[in-house]
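Structural overview for review
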Amino acid sequence: MTRGKYETRLDPELWAYIDAVNAWYPPEILGQPIDKQRAVYDRMSRAFHQGRPPGVMASDSLIAAAGRDIPIRRYRLAGAGAKAMVVYFHGGGFILGGLDSHDDICAELCAGTGFDVLSVDYRLAPEHVHPAAFDDAVTAFEWAAAATDLPLVLCGESAGGNLAAGVAKATRRGAAIGQVLIYPDLGGDQAAGSYVEHAEAPLLSLHDIAFYRDVRSTRRQSPGDPTFQPLRDTDFSGLPPTVIVTAECDPLSSDGETYRDRILTAGGRAWWHEEPRLVHSFLRARTTVPAAAEAFARIVGAVGALGRGDLPP
């Protein structure tokens, strides 16, 4: 790939991370069959896996749903009485990822907050187009609300941020005490803002976004469906306190600002932070790129604050 205007805009440590990702999962792989993409993505995820912090225990189980079971993984910190539970939806463009691909991130979130973390393995496209992933996300959240007395915090990154926002709307004025969205795809205006400024950003381009949305869509997918693209909604009232963290060099960054503004206009509480000089998927760079490590620490802090019923730092 050509680095273009990002050659000097991004730090060398971040370029090392971008080059490592592209070595595993190059941009041209989007032209390959989905099963091959998944195999390559899974190998990449294993290569980047940092292991679980000491004291974090994980157990797998299933949520029984109509005609299907939804795999989940619950993380607990040994010797700690959790004050909240995080319901986490992984990224991967709605076609990639699962419980293992984001295992270390969830484990570190558990260790950093002391909260239980429930990771949800929702159904993937193209085998299961919209609203399958959304339905699984809502079902898993409602199951968690019935299974525990702990306050619930929604959290998701990229595609998972879309799902978390959808669940927050579907269950608003309900069980969630807050939500934290990490570079979420919310369906903003592609003719403005970061969609234009960063249309060819490293690791996620406008072309990539269109590909993932097309794979997820039904034949008669309505672009105005808020369960598909949360920013297409007309009512943002009743949502829980919300923190959105985006990357400056990411086409999706403006979605975070717009979502925050819609919630504030509707009388809710929301905070948006754009991480400077970072790109989409920076969570995997948290151990090698100082700016990504600082961003992850802020995310953990925001989840912890919301779970305690405090304002985010």
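Residues numbered from 1 in each chain as written. Predicted model: local features only at pLDDT ≥ 70, side-chain atom pairs only at ≥ 80, totals over all residues. Heavy atoms only, no water.

**Some words on the side chain of histidine 280**
Our working definition: What counts as a helix is a DSSP run of H or I of at least four residues, what counts as a strand is a run of E of at least two, and both are numbered from the N terminus. Two N or O atoms form a polar contact when they lie within 3.5 Å of each other; inside protein one atom must be a possible hydrogen donor and the other a possible acceptor, and for residues adjacent in sequence the pair counts only when both atoms belong to side chains. Note on contacts: a residue pair qualifies if any of its non-hydrogen atoms lie within 4.5 Å across the two residues.
Along the chain, histidine 280 turns up in the loop between strand 8 (270-279) and helix 9 (290-307). In terms of polar contacts, histidine 280 uses its side chain to reach the side chain of serine 158, at 2.8 Å. Reaching out from histidine 280, the side chain makes a polar contact with the side chain of aspartate 250 at a distance of 2.7 Å. Not counting chain neighbours up to four residues away, the residues in contact with histidine 280 comprise Ser158, Tyr183, Leu203, Leu204, Ala247, Cys249, Asp250 and Leu252.

**Quick word on unusual backbone geometry**
In this structure, proline 126 follows alanine 125 across a cis peptide bond, with omega equal to 5°. One can find proline 126 in the loop between strand 4 (116-120) and helix 4 (132-147). Residue histidine 130 is joined to proline 131 through a cis peptide bond whose omega torsion reads 15°. Non-glycine residue phenylalanine 94 carries a positive phi angle of around 70°.

**Side note on the pairing of strand 8**
The condition is simple: Here, any two strands with at least 2 DSSP bridges between them count as paired. Orienting the strands away from the viewer, one traces the path from the first strand over the helix to the second; a clockwise path indicates a right-handed crossover.
In this structure, strand 7 (residues 242-249) lies alongside strand 8, joined through seven bridges in parallel fashion. For isoleucine 244, the partnering residue across the bridge sits in strand 8 and is tryptophan 272. Remark: the strand 7/helix 8 (residues 253-265)/strand 8 crossover connection has right-handed handedness.

**Regarding the packing of helix 4 against helix 5 (residues 159-170)**
If you want to describe how two helices pack, look at the angle between their axes and the distance between the axes. For the record, the criterion: Axis lines are fitted to C-alpha atoms, over the contacting stretch for helices. Their N-to-C directions set the angle, which ranges from 0 to 180 degrees. Working rule for angles: under 35 degrees goes down as roughly parallel, over 145 as roughly antiparallel, 65 to 115 as roughly perpendicular, anything else as oblique. With the far helix as reference, a near helix turned anticlockwise by less than a right angle produces a left-handed crossing, and one turned clockwise produces a right-handed crossing. Classes in brief: Ala, Val, Leu, Ile, Met, Phe, Trp, Tyr, Cys and Pro nonpolar; Asp, Glu, Lys and Arg charged; the others, Gly included, polar.
Across the interface, helix 4 lies against helix 5 with an axial gap of 9 Å and an inter-helix angle of 60°. Taken together, helix 4 and helix 5 sit at an angle that is classed as oblique. Seen along the crossing, helix 4 lies across helix 5 with a hand that is right-handed. Between helix 4 and helix 5, the residues in contact are Ala133, Phe134, Ala137, Val138 and Phe141 and Leu163, Gly166, Val167 and Ala170, respectively. The class makeup of the residues in the contact of helix 4 with helix 5 is eight nonpolar, one polar and no charged.

**Looking at the packing of helix 1 (residues 12-24) against helix 2 (residues 34-48)**
At their nearest, the axes of helix 1 and helix 2 sit 9 Å apart, and the two run at 140° to each other. Put simply, helix 1 runs oblique to helix 2. Between helix 1 and helix 2, the contacting residues are Tyr17, Ala20, Val21 and Trp24 on the first element and Val40, Arg43, Met44, Ala47 and Phe48 on the second. Class assignment of the residues belonging to the contact of helix 1 with helix 2 gives a composition of eight nonpolar, no polar and one charged.

**Observations concerning the sheet that holds strand 1 (residues 56-65)**
Taken in spatial order, the eight strands of this open sheet run 1-2-4-3-5-6-7-8, and their pairing is mixed. Edge positions in the sheet fall to strand 1 and strand 8, since each of these pairs with one other strand and no more. Along the sheet, successive strands turn relative to each other by an average axial angle of 20°, direction set aside. Strands strand 1, strand 2 (68-77), strand 3 (85-89), strand 4 and strand 5 (152-157) of the sheet are contacted by helix 3 (residues 103-113), whose axis makes an angle of about 45° with strand 2.

**Here's the deal with the pairing of strand 5**
Let me state the cut-off plainly: Using a 1.4 Å probe on the protein chains alone, a residue whose accessible area is under 20% of its type maximum counts as buried, one over 50% counts as exposed, and one in between counts as partly exposed.
Within strand 5, six of the six residues are buried, which leaves the element mostly enclosed by the surrounding structure. With burial as the criterion, each face of strand 5 is covered, one bearing Leu152, Leu154 and Gly156 and the other bearing Val153, Cys155 and Glu157. With five bridges joining them, strand 3 and strand 5 adopt parallel strand pairing. Residue pairing across strands places valine 86 opposite valine 153, the latter belonging to strand 5.

**Quick notes on helix 4**
The condition is simple: Take the number of residues in a helix, subtract one, and multiply by 1.5 Å to get its expected span.
With 16 residues, helix 4 should reach 22 Å at 1.5 Å per residue; the first-to-last C-alpha distance of 22 Å fits that figure. Buried within helix 4 are the following residues: Ala132, Ala133, Phe134, Asp136, Ala137, Val138, Ala140, Phe141 and Ala144.

**Side note on the nonpolar core**
The condition is simple: We define a nonpolar core as any set of buried Ala, Val, Leu, Ile, Met, Phe, Trp, Tyr and Cys residues linked to one another through side-chain atoms lying within 4.5 Å.
Counting 61 residues, the largest nonpolar core has Tyr25, Val180, Phe282 and Leu283 as its most contacted members. Looking at which element gives the most residues to this core, the answer is helix 9, with eight residues. Apart from the residues lying within four places of it in its own chain, the contact partners of leucine 283 are Tyr88, Ile105, Glu157, Ile182, Tyr183, Phe296 and Ile299. Counting residues in hydrophobic clusters, the runner-up holds 37 residues, among them Ile63, Ala65, Leu163 and Phe236.

**Notes on the pattern of salt bridges**
Spelled out, the test is: A carboxyl oxygen of Asp or Glu within 4 Å of a side-chain nitrogen of Lys or Arg is what we treat as a salt bridge.
Enumeration according to the criterion identifies 23 salt bridges in this entry. Among the salt bridges present, the one from arginine 9 reaches glutamate 248, with a minimum N-O distance of 3.1 Å. One end of the pair, arginine 9, is in the segment before helix 1; the other, glutamate 248, is in strand 7, and 239 residues separate them in sequence. In this structure, arginine 73 and aspartate 103 form a salt bridge, with 3.1 Å as the shortest nitrogen-oxygen distance. On the criterion of sequence distance, the pair formed by arginine 73 in strand 2 and aspartate 103 in helix 3 is long-range, its members being 30 residues apart. Aspartate 103 shares its class with arginine 73; the two are buried.

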